[in-house]
Amino acid sequence: AATVTMNFYQQPVAVTGLGGDECDLDFLLNATPSVGVGVWSQTSGPGNSTFSNTVSPTALVTVDTYGSYIFTWTETNGVCSDSRDVIVNFYEQPVANAGTGGNECDLDFVLSAVPSVGNGLWTSSGPGTATFSDDTDPNATVSVSQAGVYTFTWTETNGVCSSSANVSVTLYEQPVANAGSGGQNAI
């Protein structure tokens, strides 16, 4: 007679949850555990990552470099295992600075935004229409159709992250002095 021991294991089914886009260096992972033990690892990315708890399905991952990363959730039950990947994109949050406004004695003004990260775009509101020399240039010249108080908004976008800042400019129509015509005075 002989005795044979057989171990039967349930096959784990790894479910990573959703990845996504993040405007900083932290992301809360959201795997759904099945059976066995799960563990997170970094499969690819431009930098290094640390996990608050590598065996927690809802670990907080922190990376040291912005970019696109792939994280893998691997579940092991005995000799059976399954793994799935999730993609997370980390973007640096822009901090918009529209520069300084002021007063101008004509209908043109040179803007002075201070760019941070991503792409910038000028928009306006005011009593007339505004035309920018280049609405993506932080130092664009804006020309307006009529005098008045305008708000110019500098919006920076980096991936899904954005930031806006306003600057107020009062544009006055330049007066044209006319002293009239001279004449002769009788004494």
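In what follows, the structure referred to is the one given above.
What counts and how
Residues numbered from 1 in each chain as written. Predicted model: local features only at pLDDT ≥ 70, side-chain atom pairs only at ≥ 80, totals over all residues. Heavy atoms only, no water. Core = buried A, V, L, I, M, F, W, Y, C linked by side-chain atoms within 4.5 Å. Buried < 20%, exposed > 50% of the residue type's maximum accessible area, 1.4 Å probe, protein only. Helix = DSSP H or I, 4+ residues; strand = E, 2+ residues; numbered from the N terminus. Contact = heavy atoms within 4.5 Å. Pairing = 2+ DSSP bridges. Axes fitted to C-alpha atoms, helices over the stretch in contact; angles between N-to-C directions. Disulfide = S-S within 2.5 Å. Phe/Tyr/Trp six-rings, centres within 6.5 Å; stacked < 30°, edge-to-face > 60°. Patch = residues over 30% accessible without salt bridge, like charges linked within 9 Å, V, L, I, M, F, W, Y side chains within 5 Å. Areas by Shrake-Rupley, 256 points an atom, 1.4 Å probe, with all protein chains shown as cover. Salt bridge = Lys/Arg side-chain N within 4 Å of Asp/Glu carboxyl O. Polar contact = N/O pair within 3.5 Å; in protein donor to acceptor, adjacent residues only side chain to side chain.

## Details of the nonpolar core
Right, so step 1: In this structure, Leu111, Trp122 and Phe152 are the most contacted members of the largest nonpolar core, which totals 17 residues.
Right, so step 2: Among the secondary structure elements, those contributing two or more residues to this core are β12 (141-144), β13 (148-158) and β14 (161-171).
Right, so step 3: The element best represented in this core is β14, accounting for four residues.
Right, so step 4: Beyond its immediate stretch of four places on either side in the chain, Leu111 contacts Trp122, Phe132, Pro138, Asn139, Ala140, Val142, Phe152 and Val167.
Right, so step 5: Membership of the second largest hydrophobic core comes to 15 residues, among which are Phe27, Ala31, Trp40 and Val86.

## Structural notes on the sheet that holds β12
Right, so step 1: Within the open sheet, the three strands sit side by side as β9-β12-β11. Their pairing is antiparallel. Looking at which strands have only one partner, the edges of the open sheet turn out to be β9 (108-110) and β11 (130-132). Each adjacent strand pair in this sheet contributes to an overall mean axis angle of 20 degrees, direction not counted.

## Focus: the state of the cysteines
Right, so step 1: Tallying each qualifying case throughout the model produces one disulfide.
Right, so step 2: Sulfur-sulfur distance for the disulfide between Cys23 and Cys161 comes to 2.0 Å. Taking the sign of the S-S torsion, -105 degrees for the link of Cys23 and Cys161, the bridge is left-handed. One end of the pair, Cys23, is in the loop between β1 (20-22) and β2 (26-28); the other, Cys161, is in strand β14, with 138 residues separating them in the sequence.

## A few points about the packing of aromatic side chains
Right, so step 1: Across all of its chains, the model carries eight aromatic pairs by this definition.
Right, so step 2: Ring centres 6.5 Å apart and planes at 85 degrees place the aromatic pair Phe71 and Phe90 in the edge-to-face group. Linking Phe71 in strand β6 (residues 67-77) with Phe90 in strand β7 (residues 80-90), this pair joins segments that are 19 residues apart in sequence.
Right, so step 3: A relative accessible area of 0% means that Phe71 is categorised as buried.
Right, so step 4: Accessibility expressed as a relative area gives 2% for Phe90, which makes it buried.
Right, so step 5: Note on Tyr150 and Phe152: the rings are 5.9 Å apart at their centroids and 5 degrees apart in plane angle, and the pair reads as stacked. The two residues Tyr150 and Phe152 agree in class, both being buried.
Right, so step 6: Aromatic ring contacts, followed pair by pair, group Phe51, Tyr69, Phe71 and Phe90 into a single cluster.

## Section: a nonpolar patch on the surface
Right, so step 1: A surface patch of nonpolar side chains, about 410 Å² in accessible area, is lined by Val4, Met6 and Phe8.
Right, so step 2: Locating Val4 in the fold gives a position in the segment before β1.

## Let's talk about the side chain of Asp82
Right, so step 1: Secondary-structure assignment places Asp82 in strand β7.
Right, so step 2: A polar contact is formed between the side chain of Asp82 and the side chain of Arg84, at a distance of 3.0 Å.
Right, so step 3: Not counting residues up to four positions away in its chain, the partners in contact with Asp82 are Gln11, Pro12, Val13, Ala14, Trp73, Thr74 and Glu75.

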